[in-house]
Every structure is written in C-alpha cells, then in structure tokens.
Amino acid sequence: MTHPLILAAGLTRIYPMGDHAVTGLDRIDFRVAEGEFLVLKGISGSGKSTLLSLLAGLDSPTAGELTVSGIALHSKAAEDLTRYRREVVGMVFQSFNLLPTLTVLENISLPALMAGKPADAVEKRAAELLDWLDLASRTGHRPAQLSGGEMQRTAIARALINDPAIILADEPTGNLDTGNGQRVMHLLSELHRERGRTLIIATHSDLADPFATRRLYLKDGRLGDPSSSLSRTP
Ligand SMILES: Nc1ncnc2c1ncn2[C@@H]1O[C@H](COP(=O)(O)OP(=O)(O)O)[C@@H](O)[C@H]1O
Ligand SMILES: [Mg+2]
C-alpha cells in the first residue's frame, strides 16, 4: 500500500468534560486502501462514531494525524473542511438526518447545489440516483411521509449526489427491520463492487460481513485484534 487513501497515525480524540476527560479514540494507527470495504466493530462506547466523525471532517482530533485523499484533516481550516465534507466523503447516519421541511428531491439535491453545481447537472444526477434507489415515485414526499427504508435510501442518495470517493455509514441499518437493512447493505455493497467506492461502515449487525474486505475492532478507543476483546472457544 504505497499511497493509502486514508492514513491515521496516533489519532486521538479526548472529550473534555468539566474536570475530567473522556477518551473517544486513543492513539490509533491504520491505513485504508482505495476500494476497501471496511467494517468497524466494537461494543457501544468503543469509539466507532468518534472515528467516523473524524473521517467525515465533522470533528477534529485532539492529537495525531489523519490524512484522507492527500488532505491533512488535522491541520485544515474550517472552510476547507466544508468542501471536504461535501465532495470527498458521503455520510449516512442511523437516524437518517434528513431535513423535515424539504422534499426527497430537495434533500438529495441540496449538497450539490450548495457545492455550486449547475442545476441541470444536479437534476440529472438526482434522477439517476432516484431511479437506482427505487425512489422515483417519492420525489415530492417529505421525510415524515416515507418508510424507514425509503428515508435511508434518500439519505444514501444525498450522500452520493456529489460522487464522493469515500462513503461513511454509522449504524446505517440500526433503525431498519431486517428486510430493509439487507436492502440497504446490498445497495452499499453495490457501490463498492460495481462502482469501486471505498466504504467504511460501523455496525453491530452482521449484515455487512459477507461484503467486507476487512474488519477493524475497536475497544475503549483502541484498535485491537478480535481475539483480545471476545471470549472464544477454540
Ligand atoms: N460528544 C461527546 N462528548 C463527550 N463524550 C463523548 C462524545 N461522543 C462520544 N463520547 C464518548 O466517547 C466514547 C466513544 O463513543 P462513540 O464514539 O460514540 O462510541 P460508539 O460509536 O462505538 O458507540 C464513549 O465513552 C462516549 O461516551
Ligand atoms: Mg456510535
């Protein structure tokens, strides 16, 4: 791996909480190559969301380095991070995070319009995504009028509108029933398999396991070997 897409060295996030501090991530080192499908595992509180927030440019590390696609996120000014968040990464959340007053089409198009893309190009890209995600009959609906599966597919379309190289998903199937969870995981795996995207997914569920190229295990903000955090019988 000569030029990893993602390189983390000593990556640390400490949350100051009054007179004490909570460790989110503790000096982790890892590399991700372009085209990997990485699954992040670990019990609740192990640091998965903290790591995804740093990768998404939504938060900054307390110490250490994080370079993504040649961009040193640990030393970036806020306006550069905005562009990074819009164009390099696409993020999918457990709770969908759609804007309630906007329609499906408006939710999907917003990041592209905010990035200054021409309206006709945005419309064309949105139409392709709506078609692929089977949402063409829902374009004028608002989030409250959608099922959970439709909301998450809308969130996936929004994450893809600017054609990011990296897709990050934090418990993307956590609020879905098994059928919709499987459907979302298949769509995400298609992005990896057929479109060569790099995916990093934090999940408790085993739905992603058949598609993963690698698994990373977090425990107390440290990366570890699963055998050190699971009791296994040989
Ligand atoms: N915004 C925050 N403020 C304070 N502590 C936080 C914050 N976010 C996460 N933490 C703490 O950091 C640790 C890792 O949390 P998190 O990254 O959310 O884990 P996971 O996603 O694996 O459940 C936990 O101890 C959690 O309480
Ligand atoms: Mg989490």
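This text goes with the structure placed above it.
Residues numbered from 1 in each chain as written. Chains lettered and ligands numbered in written order. Predicted model: local features only at pLDDT ≥ 70, side-chain atom pairs only at ≥ 80, totals over all residues.

Undergrad: Outline the nonpolar core, supporting the account with residue identities and numerical values.
TA: Membership of the largest hydrophobic core comes to 58 residues, with the highest contact counts inside it found for Leu40, Leu55, Ala157, Leu168 and Ile201. For this core, the element with the most residues is helix α5 (residues 148-160), which contributes six residues. Residue contacts for Leu168: discarding those within four places in its chain leaves Leu52, Leu55, Ala56, Val89, Met91 and Ile200. (Core = buried A, V, L, I, M, F, W, Y, C linked by C-beta atoms within 7 Å. Buried ≥ 20, exposed ≤ 12 C-beta atoms within 10 Å, placed from the backbone. Helix = DSSP H or I, 4+ residues; strand = E, 2+ residues; numbered from the N terminus. Contact = placed C-beta atoms within 7 Å.)

Undergrad: Tell me about the packing of helix α3 (residues 104-114) against α5, and please be specific about residues and values.
TA: Two elements in contact, α3 and α5, have axes whose closest approach is 7 Å; the angle formed by their N-to-C orientations is 25°. Taken together, the axes of α3 and α5 lie roughly parallel to each other. Two packed elements cross with a definite hand, and for α3 against α5 that hand is right-handed. Residue-level inspection shows Val104, Asn107, Ile108 and Pro111 of α3 in contact with α5, the latter providing Thr154, Ala157 and Arg158. Its residues assigned to classes, the contact of α3 with α5 comprises four nonpolar, two polar and one charged. (Axes fitted to C-alpha atoms, helices over the stretch in contact; angles between N-to-C directions. Parallel < 35°, antiparallel > 145°, perpendicular 65-115°, else oblique. Left-handed = near helix turned anticlockwise from the far one by under 90°. Nonpolar A, V, L, I, M, F, W, Y, C, P; charged D, E, K, R; others polar.)

Undergrad: Lay out the environment of Asp131 in plain terms, naming residues and giving numbers.
TA: Along the chain, Asp131 turns up in helix α4 (residues 119-132). Owing to 11 C-beta atoms within 10 Å, Asp131 belongs among the exposed residues under this scheme. Distance in space between the C-alpha atoms of Asp131 and Leu187 is 13 Å, their sequence separation being 56 residues.

Undergrad: Explain the sheet that holds strand β3 (residues 37-41) to me, and be specific about the residues and the numbers.
TA: Ordered in space as β6-β7-β8-β3-β9-β10, the six strands form an open sheet in which the pairing is mixed. The sheet terminates laterally at β6 (89-93) and β10 (222-224), the two strands that pair on one side only. For this sheet, the mean angle separating the axes of adjacent strands, direction not counted, is 25°. Where β3 and strand β8 (residues 198-202) come together, four bridges link them in parallel fashion. Across the sheet, residue Leu38 finds its bridge partner in β8, namely Ile200. This element, α5, spans β6 and β7 (166-170) of the sheet and lies at about 165° to β6. (Pairing = 2+ DSSP bridges.)

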